[in-house]
Amino acid sequence: MTKQYDEEQILNMLMEPGQQRRAFGMIVQLYTEPLYWKIRRIVLDHDDANDVLQNTFMKAWNSIKDFQNKSKLSTWLYRIAINESLDHLRRQQHKVSADADLAVANRLMADDYFDGDEAQALLQEAIAALPEVQRTVFTLRYFDEMKYSELSKLMGTSEGALKASYHIAVKKISEYVLNHSTNTTSNNKIERS
């Protein structure tokens with residue numbers, strides 16, 4: 001059975017040069033799964049999420065000396081993970097054509113690690129069509145049920161701006177799903193004719 005540690009214990013160990021590697025190992029053990037899912041909801045692909053997670057931990061290890069204990073360790077790690085996820089999306093935008101975003105649902109349905117249905121794949125496709133910030137705000141608010149006050153600390157943006165981004169994202173997602181549902185229904189009627 002694995003012993004659970006709290007952030008304060010880990011932070012105290014990080015301050016001791018001989019304990020840093022052990023403490024960071026505990027960080028990896030405690031935060032791998034929650035960070036993976038935060039990242040996965042933003043980048044969507046399992047392999048990409050693993051790459052971003054690895055980059056997140058490397059960046060955290062390389063800058064652990066800069067952690068000033070002004071926020072919770074988890075908040076600091078989530079901020080790194082979100083920034084790494086957004087950087088990944090930016091790099092992907094340069095590589096991928098606009099048409100590829102439309103195939104998100106198809107890619108997800110073919111992904112062995114995706115356990116959702118077509119409706120969930122369509123939702124993920126709609127989310128993928130959002131601009132980066134709206135996608136991140138929607139993902140953290142909708143899936144992680146993060147409060148606007150937490151989002152504000154995490155993203156360094158005012159709560160009002162975050163609320164606006166979330167509501168715009170919800171509207172865009174609703175329109176996307178409605179349009180896709182309408183197109184699918186029309187295509188099914190044409191095929192049956």
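Data block above holds the structure.
A brief look at the structure comes next. (Residues numbered from 1 in each chain as written. Predicted model: local features only at pLDDT ≥ 70, side-chain atom pairs only at ≥ 80, totals over all residues. Heavy atoms only, no water.)

1. Concerning helix α1 (residues 7-14)
Operational definition: With a 1.4 Å probe rolled over the protein chains alone, any residue whose accessible area is under 20% of its type maximum counts as buried; one over 50% counts as exposed, and the rest are partly exposed. By definition, any uninterrupted DSSP run of H or I lasting at least four residues is a helix, any uninterrupted run of E lasting at least two residues is a strand, and each is numbered from the N terminus. Directions from the helix axis toward the C-beta atoms define the arc.
Inspection of α1 places E7, I10, L11, M13 and L14 among the buried residues, and these make up the whole buried set. Seen along its axis, α1 keeps its buried residues to an arc of 160 degrees; they face one direction.

2. Quick look at the nonpolar core
The cut-off we apply is this: Only buried residues count toward a nonpolar core. Its members are Ala, Val, Leu, Ile, Met, Phe, Trp, Tyr and Cys residues joined through side-chain atoms within 4.5 Å. Any two residues whose heavy atoms approach within 4.5 Å at even a single point are treated as in contact.
One finds I27, Y31, L35, L73, W76 and L77 to be the most contacted residues of the largest nonpolar core, which totals 45 residues. Those elements giving two or more residues to this core turn out to be α1, α2 (20-43), α3 (46-62), α4 (73-95), α7 (118-128), α8 (132-142), α9 (148-155) and α10 (159-192). With 10 residues, the single largest contributor to this core is α2. When residues no more than four places from it in sequence are discounted, the contact partners of W76 are A60, S63, I64, F67 and S71.

3. A closer look at unusual backbone geometry
Positive phi, close to 75 degrees, is recorded for L44, a residue that is not glycine. Structurally, the position occupied by L44 is in the loop between α2 and α3. Note on L44: relative accessible area 9%, which makes it buried.

4. Digging into the packing of aromatic side chains
As a reminder, the rule being used: Whether two aromatic rings pair depends on their centres lying within 6.5 Å, for rings of Phe, Tyr and Trp, where Trp uses its six-membered ring; planes under 30 degrees apart make the pair stacked, over 60 edge-to-face, and the rest tilted. A ring has a charge above it when a Lys NZ or an Arg CZ is no more than 6 Å from the ring centre and no more than 35 degrees off the ring normal.
Going through the model one piece at a time under the given rule, you end up with 9 aromatic pairs. Between F67 and W76, the ring centres sit 5.1 Å apart and the planes meet at 55 degrees, which makes this aromatic pair tilted. A ring pair is formed by F138 and Y142, whose centres lie 5.0 Å apart and whose planes are at 15 degrees; its orientation type is stacked. Taken as a pair, F138 and Y142 lie in helix α8 at a separation of 4 residues, close to a single helical turn. A residue is classified by how much of its surface remains accessible, and F138, at 4% relative accessible area, is buried. Directly above the ring of Y78 sits K38, whose terminal nitrogen or CZ lies 4.6 Å from the centroid.

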